[in-house]
Amino acid sequence: MDHLDLLADLIARARVAGADAADAVLIAGAALSVQRRLGCTEHIERAEGRDLGLRVFVGAKSAIVSATTIDPAGFATLAERAVAMARVVPDDPYAGLADTAAPPDALSLDLEDPIEPDANALLARAAAAEDAALAVRGITNSEGAEAAWSRTEAVLVTSGGFAGRTVRTGHSVSASALAGSGTGMQRDFDYHSVVHLADLDDPAEIGRSAGERAVARLNPIRAKTAKLPVVYDPRVAGSLLGHLMGAINGASIARGTSFLKDRMGARIFAPGVAIHENPRRLRGLRSRLFDGEGTPTVARALIDDGVLTTWLLDSRSARQLGLRSTGHAARGTGGPPSPAPTNLYLAAGTLTPAALMADIKLGLYVTELIGMGVNGLTGDYSRGAAGFMIRDGALAEPVAEITIAGTLPEMFAHLTPANDLVFRRGTDAPTVRIEGMTLAGA
C-alpha cells in the first residue's frame, strides 16, 4: 500500500475510534555511511526504517502515539489507544489542526538525487579526503574521514483533507586532522553536505582544508583580557542566526521567555542588515513546500533593513498570540509540531573580509565556538572560542582557551556583514564583524 494510502487509512481508524480530528506522519529512510582512519576501514553502516506518528484531537484534548512497525492490521488498536490517552489529559485551548493548511504545490524543488552510491564509492571518497589531510605538511595524525548517503521520505496526512509527501536525498564528506605532537597538538575539520552528488565538493579539497586548518592552529597563545572588535568566520557566523531564531520562536514569545518578546517591528540590527529565509530554494538542505502541519511555505525577510518583521509560528503558538501560522511547524513522529526555520541566511554586505578588518588595530578572528552560554531571556552571551588575533588589519597568531562575551541586543545592533556569503550549510552567513565585545583570557 502507498504511504499516503496507509496514513489515510490510519486517519479513518482514528475517526472511527472517536477522534474529532487527527493527523499522521510517516518518516521512511535509508542511509549508508563509512568511516576510514589511517588507511583502514573502521565502520560501514547501512540503516533502514519507518516511523509512524498519530496525533488525535478529542474536543480540546490531544494525544500522540508512535510506532516503528507499520502494520495496517494494528491501526485500529493504535487509534483506540491514542483516543483513550487524549480523553484523560487536560484541555489545551490552542491545540488543533492548522487552519492554514492547503494542498501542496506541484512545484519541484529538485530534492531527490537518483544516484545511490555503494560502500566502495563512499570508501573512495573518505580515502581521498583523509589522504589529502595527511599529505598536508605538519599533520601528524588523523581522526578519520567519513562519507555518507541518505534518502528520507516524509508523508503527512490530516483529517482536514491535506496529503503531502517530501523526498530528500543527501551526500556528505567530512575529515578531521591533527597537527603537532604531545600536549601541543591541535585539531580541526572540514565537511560538506548536499542534496545532489553533483554539488559535493571534491573530497580531497575537504581533507586538505581540514589539514591546513589544523596546522594553522599550532602554538596558540592565550590572549589578554580586552574589549575589542570580534570577527566571526563564516563557519561560525551562522550561530548568531541560530540565537536570533531562538529569540523569535513563537513558543518562546508566547511564554514570554525571549529578550525580543516586545520588539516586533523594532530595529534590532543596523540599517541595511537583512536576514532572509527561503524554504523553496532549489536543492536547499532544508527546502520544503509545506511545513509539518501542511501550511504552505513562503520566502520572507525576517529582518528587513534592520527591523524585525515576524515571529516563527506554528498553528499552536499562532493561536496563543492571536496570529496566523507562518508555515514554520517542524515535527517528528513522537511529539507535537514546534516552530523552526528552513533555509536561512544573512544577506551579504558590501565590504570584502579584508576591508572589514582593515581598520582593526587589535581584534579577534573566531573560527571555533565552544559551549552554549546564551541566556534566551536576557540575551546575555558568553561562549568559549578559538581563532586568531587581528593586528593592524591582518590575521596574526592563533589563540585558544578564551571566552568572548556580550549581550545579543548589543551584538545585533553592532553587526556588520562582509560580502563573502556562500550557500553551504542550511544556515549561512558571510564573515561578520561585531564591535565592542569582551575577550576574557589571561
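For the structure, check the block above.
Student: Sorry, what's going on with the overall build of the protein here?
Tutor: Within the protein one finds 9 helices and 19 strands. The C-alpha radius of gyration of the protein comes to 24 Å, within 12% of the 22 Å expected for a compact globule of 442 residues. Per-residue burial for the protein yields a buried fraction of 49% across its 442 residues. Considering only intrachain contacts with a sequence separation of at least 6, the fraction spanning at least 24 residues in the protein is 72%.

Student: Sorry, what's going on with unusual backbone geometry here?
Tutor: Note: most residues except glycine have negative phi, and most peptide bonds are trans. In this model, Leu-38 sits at a positive phi of 50°, which is unusual for a non-glycine residue. On the secondary structure map, Leu-38 appears in the loop between β1 (21–37) and β2 (40–58). The partly exposed category is assigned to Leu-38, whose relative accessible area is 43%.

Student: Help me understand the pattern of salt bridges in this model?
Tutor: Note on pairing: side chains with opposite charge can pair once their charged atoms come close. For the coordinates displayed, the defined rule picks out 26 salt bridges. Here Asp-9 makes a salt bridge to Arg-13, at a shortest N to O gap of 3.5 Å. Here Arg-13 and Asp-9 lie together in helix α1 (residues 3–17), a separation of 4 residues that amounts to about one turn. Between Asp-188 and Arg-217 there is a salt bridge, and its shortest N-O distance comes to 3.3 Å. Taken together, the residues span a long stretch of sequence, with Asp-188 in strand β6 (residues 186–194) and Arg-217 in the loop between α4 (203–216) and β7 (226–232) at a distance of 29 residues.

Student: It is not clear to me how helix α5 (residues 234–247) should be interpreted in this structure. Could you clarify?
Tutor: Given 3.6 residues per turn, any residue in an α-helix points the same way as the ones three and four places further on. Counted residue by residue, α5 has 11 buried out of 14 residues, so it is predominantly covered. Every buried residue belonging to α5 is among Pro-234, Arg-235, Val-236, Ala-237, Gly-238, Leu-240, Leu-241, His-243, Leu-244, Met-245 and Ala-247, and all of these are buried.

Student: How should I be thinking about the packing of aromatic side chains in this particular structure?
Tutor: In this description, an aromatic ring pair is defined by two values, namely the gap between the centres and the angle between the planes. Enumeration over the complete set of coordinates arrives at 5 aromatic pairs. Considering the side-chain rings of Phe-162 and Phe-290, the 5.0 Å spacing of their centres and the 65° angle between planes classify their relative orientation as edge-to-face. With Phe-162 in the loop between β4 (139–158) and β5 (163–179) and Phe-290 in the loop between β8 (275–277) and β9 (300–304), this pair connects stretches of sequence that are 128 residues apart. Each of the two residues, Phe-162 as well as Phe-290, counts as buried. A ring pair is formed by Tyr-345 and Phe-423, whose centres lie 5.0 Å apart and whose planes are at 85°; its orientation type is edge-to-face. Note that Tyr-345 is positioned in strand β13 (residues 344–346) and Phe-423 in the loop between β17 (415–417) and β18 (427–428), a separation of 78 residues in sequence. Classification of Tyr-345 as buried rests on a relative accessible area of 18%. Among the aromatic side chains, those forming a connected cluster through ring pairs are Phe-259, Phe-269 and Phe-412. The ring of Phe-189 is capped by Arg-235, whose NZ or CZ atom sits 4.2 Å from the centre of that ring. When the ring centre of Phe-423 is taken as origin, the NZ or CZ atom of Arg-281, which lies over that ring, is 4.1 Å away.

Student: How should the sheet that holds β18 be read in this particular structure?
Tutor: What holds strands together in a sheet is hydrogen bonding between their backbones, with the strands either parallel or antiparallel. Strand order in the open sheet formed by 5 strands is β10-β9-β8-β13-β18, and the pairing between neighbours is mixed. Looking at strand neighbours, the two that pair on one side only are β10 (307–308) and β18, the edges of this open sheet. Relative to β10, β9 runs antiparallel, the two being bridged by 2 bridges. By the bridge assignment for β10, Asp-304 is matched with Val-307. Against the sheet, α5 engages β8, β9, β13 and β18, with an angle of about 115° to β13.

Student: Please explain the sheet that holds β5 as it appears in this structure.
Tutor: An order of β3-β2-β1-β4-β5-β6 is seen for the 6 strands of this open sheet, with the pairing classed as antiparallel. Two strands bound the open sheet, and with one partner strand each, they are β3 (61–67) and β6. The mean angle between the axes of side-by-side strands here comes to 20°, regardless of whether they run parallel or antiparallel. In the sheet, β1 pairs with β4 via 14 bridges, with the strands oriented antiparallel. If you follow Ile-27 over to β4, its bridge partner there is Ala-154. Running at roughly 155° to β6, α4 makes contact with β4, β5 and β6 of the sheet.

Student: Please explain the environment of Leu-362 as it appears in this structure.
Tutor: One can find Leu-362 in strand β14 (residues 362–370). In this structure, the C-alpha to C-alpha distance between Leu-362 and Lys-227, residues 135 residues apart in sequence, is 9.5 Å. With near-sequence residues (within four places) excluded, Leu-362 lies in contact with Leu-228, Pro-229, Met-389, Ile-390 and Arg-391.

Student: Looking at this structure, how should I read the nonpolar core?
Tutor: Among soluble globular proteins, nonpolar side chains are generally buried collectively. If you look at the biggest cluster of nonpolar residues, it comprises 46 residues, and the most contacted ones within it are Tyr-232, Leu-244, Ile-248, Phe-269, Leu-364, Tyr-381 and Ile-404. With 7 residues, the single largest contributor to this core is α5. The contact partners of Phe-269, leaving out residues within four places of it in the chain, are Leu-244, Ile-275, Ile-303, Gly-306, Phe-412, Ala-413 and Leu-415. The next biggest cluster of nonpolar side chains, apart from the first, holds 25 residues, and it includes Leu-7, Ala-24, Leu-78 and Val-83.

Student: Help me understand the environment of Ile-370, please; the structure alone is not making it clear to me.
Tutor: Position of Ile-370 among the secondary structure elements: in strand β14. Considering only alpha carbons, one finds Ile-370 and Glu-401, 31 residues apart in sequence, at a separation of 9.8 Å. Discounting chain neighbours no more than four positions away, the residues touching Ile-370 are Arg-383 and Gly-384.

Student: Explanation requested: the packing of α1 against helix α2 (residues 75–86) in the structure shown.
Tutor: With their axes 8 Å apart at the nearest point, α1 and α2 run at an angle of 50° to one another. Overall, the two elements α1 and α2 adopt an arrangement that is oblique. As for how α1 packs across α2, the hand of that crossing is right-handed. Contacts between α1 and α2 pair Leu-6, Asp-9, Leu-10, Arg-13, Ala-14 and Ala-17 from the former with Phe-75, Ala-76, Leu-78, Ala-79, Glu-80 and Val-83 from the latter. For the contact of α1 with α2, the residue count by class is 9 nonpolar, no polar and 3 charged.

Cut-off values and rules
Residues numbered from 1 in each chain as written. Predicted model: local features only at pLDDT ≥ 70, side-chain atom pairs only at ≥ 80, totals over all residues. Heavy atoms only, no water. Helix = DSSP H or I, 4+ residues; strand = E, 2+ residues; numbered from the N terminus. Rg over C-alpha atoms; globule rule 2.2 N^0.38 Å. Buried < 20%, exposed > 50% of the residue type's maximum accessible area, 1.4 Å probe, protein only. Contact = heavy atoms within 4.5 Å. Salt bridge = Lys/Arg side-chain N within 4 Å of Asp/Glu carboxyl O. Phe/Tyr/Trp six-rings, centres within 6.5 Å; stacked < 30°, edge-to-face > 60°. Lys NZ or Arg CZ within 6 Å of the ring centre and 35° of its normal. Pairing = 2+ DSSP bridges. Axes fitted to C-alpha atoms, helices over the stretch in contact; angles between N-to-C directions. Core = buried A, V, L, I, M, F, W, Y, C linked by side-chain atoms within 4.5 Å. Parallel < 35°, antiparallel > 145°, perpendicular 65-115°, else oblique. Left-handed = near helix turned anticlockwise from the far one by under 90°. Nonpolar A, V, L, I, M, F, W, Y, C, P; charged D, E, K, R; others polar.

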